[in-house]
Amino acid sequence: MNAAVATSVFGAFMVLTVVLGLLAVRRTGTEKGRPAGLSEWSVGGRSLGTVFIWVLMAGESYTSFSYLGAAGWGYNSGAPVLYVIAYMSCGYALGYVVGPMLWSYARRHGLVGITDMIAHRYRAPWLGAAVALLATVCLLPYIQLQITGMGVVVSTISYGAISLNWASFLSFAVTTGFVVISGLRGSAWVSVLKDVLVIGTLGFLAVYVPLHYFDGYGPFLDRLVAEKPQWLTFPGHDSGGLGQLWFVTTTVVNSLTVVIFPTTVAGYLGARNAEALRRNALFLPFYNVLLFVPVLLGMAALFVVPGLTGADSNLALFRMVVDSLPAWAVGLVGVAAALSSIVPMAVFMLVIGTMWGRSVLGAIPALNKGAAGAASGDGGGGAVGGRQKLWSQLVVVVAGALALLLTYTAPDTLVRLSLISYEGMAQLVPMLLLGLVWRRLTLHAAVSGLVAGFTLVCVLVFGGHDPVWGMNAGIVGLAVNGAVALAVTWLGPRAADGRPDAEVLALDDAFPRDGVPSRGAPVSPPASS
């Protein structure tokens, strides 16, 4: 009976999720009499307001990690997991400046992602394609992790009635079903439902678990201090050397990375204007406070369900939920956790599709032969824009199916790649951010720095040297990356670039007013067209 009730609640909300995602496509309309193209699908036509941008970008904070990984880290180690709250909050502060800067640069030049921006900045379409490949390697593990996370959640809240494999397939099917059709706008609509459930369930559990198991926070914290004090200080319990230096360096490198992470940039570019992004940067840290809840509940599980080891520790929170709540409530918590997998997974898939549809497949003339007519300046309608959108949608299905297949057959492949996901993406920071504010950074310098930094990160991480000297390996790679880029800029060749600063840089566009770039330049056709 419990399985039937919880599964019914879960199933009803999954149907609602698909309906919401598909309803969003009704808002896409047409672009100047043409079918909606890549811009509408990939960045919501750059028309999302503060609320939609807020809930969409909150998906970066609340993934399946919030219910599984954060609680598991709290259960296993304690204090070091607070790096998540630290780097997200610092990233939002950086996003106050970086978000409007990237938004205005992309809007001016008709760009729809970081690969577009890099190709345009360095006048090198091949570099956009290479970055798309690198970013895909770093993003695919996140799709697999969300599929796995949802599978674990669904199998657990259904009391084992739904197998892990079927739950994983359901995750892929639901996400693909609406993101292929409605794109970023569909993800934003589903995010509203997700955030209502996340805030409601975490708020409830924050009160319920301490009262139910410990008679309140006072007795719970007293017991934690008395019996598990090492969980409350660095380096935590059995953390493998995750001390203060690791915490600081991880916060720095992750806060820099999150502002240029392709999924974050998709949120930036979907905004109606720059002011929506600034308001968003002010509001999001308040939402981040909720991340304390699964961390504390993971520590509470030390006393309620002791002895969990390995991957089972990630189920610390759900073991308490299933043990103490009625089936319908278990179903609601499961839905919130499942949607926390679906929404970010949808954006990961959409971003991979956009990068390949635009910068890789969309840039190959032979694949776009017959798509006569110029693409719009905003990368939207027209035959070329429509063909790029089609390629992007096909890549979404392929990327999701590949992640699902590897989840079934070789899960360790993507798990190992996930070790370098954030540290690897961090190596794009000099190429993108430094390149958009410093004219002298050359193509050779940016590429040399990226290769040096990414190679060093791979050597350190896969060689078992992360942390290295107590520091996050990513910041070591980033330091080498920047040093090489500066050295090659000053000592290496300098290719002539006759374009004006307004065409190359984004510095003057950091604070446009009322959504209008400061120089008033018209939107120009994208370089890749």
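To be clear, the structure that these remarks concern was listed above.
Rules behind the numbers
- Residues numbered from 1 in each chain as written.
- Predicted model: local features only at pLDDT ≥ 70, side-chain atom pairs only at ≥ 80, totals over all residues.
- Heavy atoms only, no water.
- Phe/Tyr/Trp six-rings, centres within 6.5 Å; stacked < 30°, edge-to-face > 60°.
- Helix = DSSP H or I, 4+ residues; strand = E, 2+ residues; numbered from the N terminus.
- Buried < 20%, exposed > 50% of the residue type's maximum accessible area, 1.4 Å probe, protein only.
- Lys NZ or Arg CZ within 6 Å of the ring centre and 35° of its normal.
- 1 Å grid on protein atoms, 1.4 Å probe; cavity = no way out; pocket = protein on both sides within 12 Å on 5 of 7 lines; lining within 4 Å.
- Points joined across faces, edges and corners; volume = space filled by probe spheres on them.
- Nonpolar A, V, L, I, M, F, W, Y, C, P; charged D, E, K, R; others polar.
- Salt bridge = Lys/Arg side-chain N within 4 Å of Asp/Glu carboxyl O.
- Patch = residues over 30% accessible without salt bridge, like charges linked within 9 Å, V, L, I, M, F, W, Y side chains within 5 Å.
- Areas by Shrake-Rupley, 256 points an atom, 1.4 Å probe, with all protein chains shown as cover.
- Core = buried A, V, L, I, M, F, W, Y, C linked by side-chain atoms within 4.5 Å.
- Contact = heavy atoms within 4.5 Å.

Participant: So what exactly am I meant to see when it comes to the packing of aromatic side chains here?
Facilitator: Each aromatic ring pair is summarised here by two numbers: the centre-to-centre distance and the angle between the ring planes. With the rule as written, the count across this model stands at 18 aromatic pairs. Each ring, one from F204 and one from Y208, has its centre 5.2 Å from the other, and the planes form 15 degrees; the classification is stacked. Taken together, the residues span about one helical turn, with F204 and Y208 both in helix α9 (residues 164-214) at a distance of four residues. Residue F204 is classed as partly exposed on the basis of its relative accessible area of 40%. We classify Y208 as buried; its relative accessible area is 18%. Through a chain of ring-to-ring contacts, the aromatic side chains of W73, Y83, Y87, Y142, W246, F261, F348 and Y422 assemble into a single cluster. Lying across the ring of Y122, R121 places its NZ or CZ 4.6 Å from the centre.

Participant: Sorry, what's going on with empty space enclosed by the protein here?
Facilitator: Empty space left among the atoms is revealed by rolling a probe the size of a water molecule over them. Counted under the stated rule, the structure contains five cavities of 30 Å³ or more. Approximately 120 Å³ is the volume found for the largest cavity. Forming the boundary of the largest cavity are 15 residues, of which M57, Y92, T264, Y268 and L284 lie nearest the centre. Counting residues per element, the ones that place at least two in the lining of the largest cavity are α6 (83-109), α12 (262-269) and α13 (274-288). It is α6 that provides the largest number of residues to the lining of the largest cavity, a total of five residues. Grouping the constituent residues of the lining of the largest cavity by class yields 10 nonpolar, four polar and one charged. Of the pockets and cavities examined, the second largest cavity occupies roughly 100 Å³. Surrounding the second largest cavity, 14 residues form its lining, V112, G113, P262, V351 and T354 being those nearest its centre.

Participant: Help me out: how do you make sense of the pattern of salt bridges in this one?
Facilitator: Should their charged atoms come close, side chains of opposite charge can pair. Applying the stated criterion across every chain yields a total of eight salt bridges. The salt bridge involving R223 is made with E227; its shortest N-O contact spans 3.1 Å. In this pair, R223 and E227 are both assigned in helix α10 (residues 217-227), four residues apart and thus about one turn of the helix distant. Overlapping salt bridges bring together R123, D497 and R499 as one network.

Participant: Looking at this model, I keep getting lost on a nonpolar patch on the surface. Mind explaining?
Facilitator: On the surface, a cluster of nonpolar side chains totalling about 340 Å² of accessible area is made up of Y96, V97, L282 and F283. The set of elements that each furnish at least two residues to the nonpolar patch consists of α6 and α13. On the basis of relative accessibility, which here comes to 38%, the residue V97 falls in the partly exposed class.

Participant: Whenever I open this one, the nonpolar core confuses me. Can you help?
Facilitator: Generally speaking, nonpolar side chains in soluble globular proteins are found buried as a group. Among the nonpolar cores identified, the biggest contains 165 residues, and Y67, L102, M117, I143, L428 and M431 are the most heavily contacted of them. With 20 residues, the top contributor of residues to this core is helix α16 (residues 327-360). Once residues within four sequence positions are removed from consideration, M431 is found in contact with I118, Y122, L127, V131, L441, A446, V447 and L450.

Participant: Is there a simple way to explain the layout of surface pockets in this structure?
Facilitator: In this structure, the largest pocket encloses a volume near 1,600 Å³. If you trace the largest pocket, you find 45 residues lining it, with F65, W73, Y83, L145 and S418 closest to the centre. Residue assignment for the lining of the largest pocket shows that the elements contributing at least two residues are α4 (64-67), α5 (69-76), α6, α8 (125-157), α11 (244-258), α18 (411-418), α19 (421-426) and α21 (443-462). Each pocket or cavity is described by its volume, and for the second largest pocket that value is around 330 Å³. Taken together, 16 residues make up the lining of the second largest pocket; nearest its centre are L441, T442, L443, A495 and D497. Of the residues assigned to the lining of the second largest pocket, the class counts are seven nonpolar, two polar and seven charged.

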